[in-house]
Amino acid sequence: MEKMNKLLKSVALCICISLQSCAQNKNEIKNDTTNMEKIEYQKEGLEFSLKYRHKNCSYEILVNDMPVITHFGIGERSGLTVYINQYILKAGKQDITIRMFPAKSDENSFKELLDENSGVSIEVAKKKAPISPLDELNAESKGETIKWEVLNYTTPKIEKPTSHIEFKTSFVVDSKDINWKITGWSKSKDLRNDPNLRKEVETFYDDYKKVLEEGNQAKYLSLVNTTIYEQAASTPWDKEAETQIKKEMGNYATEKRNFLYPCKNAELKYFGNGKVVTLVCTDIQTFGYSPLISKTAKNMMPKAHTFYLHKPEGSNKLEIIR
C-alpha cells in the first residue's frame, strides 16, 4: 500500500490538464441545441496549431487570454502540439501570453527562481484540413503548399534571476482563413467584481464531481453542451465532429472513477479578460491544477478535471465554456 501511494503521488505530477484533451473523452444521446444556430459545415477549412517547447521552467501559454497549455509538473513536456481553432473567435489579431515560473525540483518543492537557462518556444502554423500525414507528404513532394508558419517565437533570455516573468506576442488570422463562427466568452459578463462568485464556483465544482461520481451521462453532456458545439463548429470540415465528440464525452461520463488528492487550498483564477474563471490548487503537490483529480479502474493515471466557467450574456448562471 505504501508503494502504491508513492506511485499515485508520482503519477499525479503527470496529470492531463485540458478538458478538451483529457476530460472530453465523453455515449451518444440527443443533444440539446436550443437557441444555438445550426453548424454550417464546409468541405474545406484551415486548422491552426500551436507547437511548444520549454526548458527549466513551469509555464502557462494563453491564446486570447485563455489557457491552452499549463505545466507545473516535474520534467519536460516539450515538442507537443495543441490545436487552437476553438480559441480563435474572430479574424484579426490573436494575442498570445507566455507566463513563466520556476520549475519543480521534486514533488514537494519548486526552485526559487527562473534563470538564463529558462525559456519557452512556440510555433503557430495553419494548414489545409482535412489532410492526412501521407497526403501532406505527397503534396510536399509535388511542391504544393498545404501548411504555412504564421508565428515562430522564443522568449528572450532572462538577464536577471526572477520568480516570474511574462511575455506577449501575437499573430494575425485573415478573414478568409476562418470559416467558423463561435461566440466563446466574447459576450460574457465580467466576473471580477462578483461578490458571490467564489461560493457559486465551489457549488458548481461540487455538482460536477457528483455528476461524474454517479455516472450521470445526460447531466454531464448538458454541462459540456456549449463546449461540444463550439469545438465541433471550429472544425467545419468534419460534419461528424459533433457526433463523435459527444460520443466520446458520453462514454467518459459513465466510467467508474474515484476522486483523489483533496485540495485543501484553492484559488480563483480569471481569464478571458475577467469573463472566465476556474479553480486551481495552491497546495505544492498539485499546484496550478484543478482541485478535481480522479482515476478510473481502467486507467491508473490520474486526470485533472480542468474546465473554465463563464456567465453568458443575459444569464446569471455559471456555465462551462471550455
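Everything numeric here is computed off the predicted structure, so don't read it as measured data.

About the criteria used
Residues numbered from 1 in each chain as written. Predicted model: local features only at pLDDT ≥ 70, side-chain atom pairs only at ≥ 80, totals over all residues. Heavy atoms only, no water. Helix = DSSP H or I, 4+ residues; strand = E, 2+ residues; numbered from the N terminus. Areas by Shrake-Rupley, 256 points an atom, 1.4 Å probe, with all protein chains shown as cover. Phe/Tyr/Trp six-rings, centres within 6.5 Å; stacked < 30°, edge-to-face > 60°. Lys NZ or Arg CZ within 6 Å of the ring centre and 35° of its normal. Salt bridge = Lys/Arg side-chain N within 4 Å of Asp/Glu carboxyl O. Buried < 20%, exposed > 50% of the residue type's maximum accessible area, 1.4 Å probe, protein only. Disulfide = S-S within 2.5 Å. Pairing = 2+ DSSP bridges.

Caption draft 1: Spatial organisation of the overall build of the protein. The helix and strand tally for the protein stands at 7 helices and 17 strands. Per element, the accessible surface of the protein, about 16600 Å² overall, is 48% carbon and sulfur.

Caption draft 2: The packing of aromatic side chains, seen in detail. Evaluated as defined, the whole model comprises 11 aromatic pairs. Aromatic rings pair up to connect Phe204, Tyr205, Tyr208, Tyr220, Tyr252 and Phe307 into one cluster. In this arrangement the basic side chain of Arg322 is found over the ring face of Tyr87, its NZ or CZ atom lying 6.0 Å from the centre.

Caption draft 3: Examining the pattern of salt bridges more closely. In total, this model carries 16 salt bridges according to the counting rule given. Among the ionic pairs, Asp190 bridges to Arg192, the shortest N-O distance being 2.6 Å. Of the residues examined, Arg192 reaches a relative accessible area of 46% and is grouped as partly exposed. Linking Glu200 and Lys311 is a salt bridge whose minimum nitrogen-to-oxygen distance equals 2.9 Å. Pair noted here: Glu200 is in helix H4 (residues 197-214) and Lys311 is in the loop between strand S16 (309-310) and strand S17 (319-320), with a separation of 111 residues, a long-range link. Using a relative accessible area of 25% as the deciding quantity, one classes Glu200 as partly exposed. On the basis of relative accessibility, which here comes to 1%, the residue Lys311 falls in the buried class. Ionic contacts of the salt-bridge type, sharing partners, join the residues Glu60, Asp65, Arg99, Glu166, Lys168 and Lys269 into one network.

Caption draft 4: A look at the state of the cysteines. In the structure shown here, the tally under the stated rule is 1 disulfide. Disulfide pairing places Cys263 opposite Cys281 at an S-S distance of 2.5 Å. One end of the pair, Cys263, is in the loop between strand S11 (257-260) and strand S12 (266-271); the other, Cys281, is in strand S13 (residues 276-281), and 18 residues separate them in sequence.

Caption draft 5: Expanded view of the sheet that holds S11. The sheet built from 3 strands is open, its strands ordered S11-S14-S15 with antiparallel pairing. Since the sheet does not close on itself, it has two edges, and those belong to S11 and strand S15 (303-304), each with one partner. Sheet topology places strand S14 (residues 293-296) next to S15; 2 bridges connect them, and they run antiparallel. Across the sheet, residue Ile293 finds its bridge partner in S15, namely Ala304.

Caption draft 6: Layout of the pairing of strand S2 (residues 58-63). Within S2, 6 of the 6 residues are buried, which leaves it mostly tucked inside the rest of the structure. Burial along S2 is two-sided: Ser58, Glu60 and Leu62 and Tyr59, Ile61 and Val63, pointing in opposite directions, are all buried. Relative to strand S5 (residues 92-101), S2 runs antiparallel, the two being bridged by 6 bridges. Within S5, the position partnered with Ile61 by the bridge is Ile98.

Caption draft 7: How the structure looks around the environment of Gly314. Residue position: Gly314 is located in the loop between S16 and S17. A residue is classified by how much of its surface remains accessible, and Gly314, at 79% relative accessible area, is exposed. For the pair formed by Gly314 and Lys187, sequence separation is 127 residues and the distance between their alpha carbons is 9.4 Å.

Worth remembering: the numbers are spatial, not functional.
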